[in-house]
Amino acid sequence: VVDRMVNITLRDPSTLLGLSMIKDYDYYTFNHCVNVGVLAMALGASLGLDSLTVRDLGIAGQLHDIGKTRIPKKILNKPGKLSSIEFEEMKRHSELGAKIIGEMEGLTPQIAQIVLGHHLYFNRNGYPDWARSLPANSLIDIIAVADTYDAITTMRVYQHPISPRAALDELHKVVGTILDGGLVASFVEMMGKYPVGTLVRLDTNEVAVIYRPNPMNVEAPLVRVLFEADGTRLKRPRAMSLVEPDGSCYASIVAEVDPLLKNVDVGTCVVSADYLT
């Protein structure tokens with residue numbers, strides 16, 4: 001999915017320009033948009049959507065928050081709760097984003113519609129108010145699932161992130177209001193019982209990060225061991241299969257671990273087999 005998204009980005013000047021605008025204005029928003037693009041494409045592909053629709057999802061996901069480049073940084077990065085006036089200003093980013101995309105060449109009206117509606121909510125009680133009566137578009141709801149998941153699993157100045165597994169439980173709490181229950185069920189199935197990026201303790205007392213799901217056994221994803229049983233941090237993670245093809249078992253997962261308590265950047269550990277480089 002990432003390869004396909006990179007291909008879309010490099011081939012589409014408007015998408016590249018949009019991402020550059022976001023990155024230059026706010027780096028967190030840039031990372032968030034890239035993540036949402038990946039997650040939305042993955043969900044769309046898992047649902048069997050055609051390649052052009054998945055492409056639109058990728059572009060819309062990457063650019064869904066482009067309107068935030070028109071929101072003052074003092075509001076965008078405020079460490080505390082926004083005032084009612086500030087929140088009303090923040091809510092304008094959906095409309096501002098749709099306007100920016102509407103002025104870009106080569107992007108379909110559907111992408112602008114998705115960006116406009118990504119905060120309308122499944123029950124259409126979200127914002128902008130005037131857009132609530134627009135025809136339903138399931139692609140908007142796909143972006144909303146990806147957007148919500150990434151937002152609650154990411155560190156912000158005003159928010160402690162929650163683990164990927166706990167985030168899946170949080171999605172269920174807003175089914176029927178903010179999110180589409182069917183899409184959430186499909187997303188949870190796609191992510192697996194232990195989503196990539198989850199830090200776990202094994203019954204050997206080792207601490208490991210999930211770096212790849214195991215479609216053959218949801219209880220036994222592939223892990224990289226980061227801490228030995230005695231608490232010693234490894235200089236290089238040790239990749240392990242919890243269950244081998246012959247059925248032999250190395251270890252079982254017994255609990256989740258908060259990455260902040262272990263001072264672990266799970267993103268780096270997932271991407272690289274050597275987190276010291």
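See the structure above.
Calculation notes
Residues numbered from 1 in each chain as written. Predicted model: local features only at pLDDT ≥ 70, side-chain atom pairs only at ≥ 80, totals over all residues. Heavy atoms only, no water. Core = buried A, V, L, I, M, F, W, Y, C linked by side-chain atoms within 4.5 Å. Buried < 20%, exposed > 50% of the residue type's maximum accessible area, 1.4 Å probe, protein only. Helix = DSSP H or I, 4+ residues; strand = E, 2+ residues; numbered from the N terminus. Contact = heavy atoms within 4.5 Å. Axes fitted to C-alpha atoms, helices over the stretch in contact; angles between N-to-C directions. Parallel < 35°, antiparallel > 145°, perpendicular 65-115°, else oblique. Nonpolar A, V, L, I, M, F, W, Y, C, P; charged D, E, K, R; others polar.

K.L.:
What's the story with the nonpolar core in this structure? I'm lost.
P.N.:
General note: in soluble globular proteins, nonpolar side chains tend to be found buried as a group. Counting 41 residues, the largest nonpolar core has L63, I101, V145, Y149, L171 and F187 as the members making the most contacts within it. With 8 residues, the single largest contributor to this core is helix α9 (residues 138–152). Leaving out residues up to four positions away in the same chain, I101 has contacts with L63, I66, L107, I111, A112 and V115. Within the second largest apolar cluster, 13 residues are counted, among which are Y194, V223, L234 and M240.

K.L.:
Would you mind showing me how to read unusual backbone geometry here?
P.N.:
Leaving glycine aside, a negative phi is the common case for residues, and trans is the common case for peptide bonds. Cis peptide bonds are those with omega within 30 degrees of zero, and the linkage from Y127 to P128 qualifies with 0 degrees. Its identity is not glycine, yet R124 carries a phi of approximately 60 degrees, on the positive side. With respect to the helices, strands and loops of the structure, R124 is situated in the loop between α8 (109–117) and α9. Unlike most non-glycine residues, N205 shows phi in positive territory, near 75 degrees. Topologically, N205 is positioned in the loop between β1 (199–202) and β2 (207–212). Residue class for N205 comes out partly exposed when judged on its relative accessible area of 37%.

K.L.:
Would you take a moment to explain the packing of helix α3 (residues 27–46) against helix α11 (residues 181–191) for this structure?
P.N.:
Running from N to C, α3 and α11 point in directions that differ by 100 degrees, and their axes come no closer than 10 Å. When the axes of α3 and α11 are compared, the pair comes out roughly perpendicular. The residues of α11 that touch α3, namely those facing L39, A42, L43 and S46, are L183, S186, F187, M190 and M191. Residues that form the contact of α3 with α11 fall into these classes: 7 nonpolar, 2 polar and no charged.

Remember that the coordinates give geometry; whether it matters functionally is a separate question.
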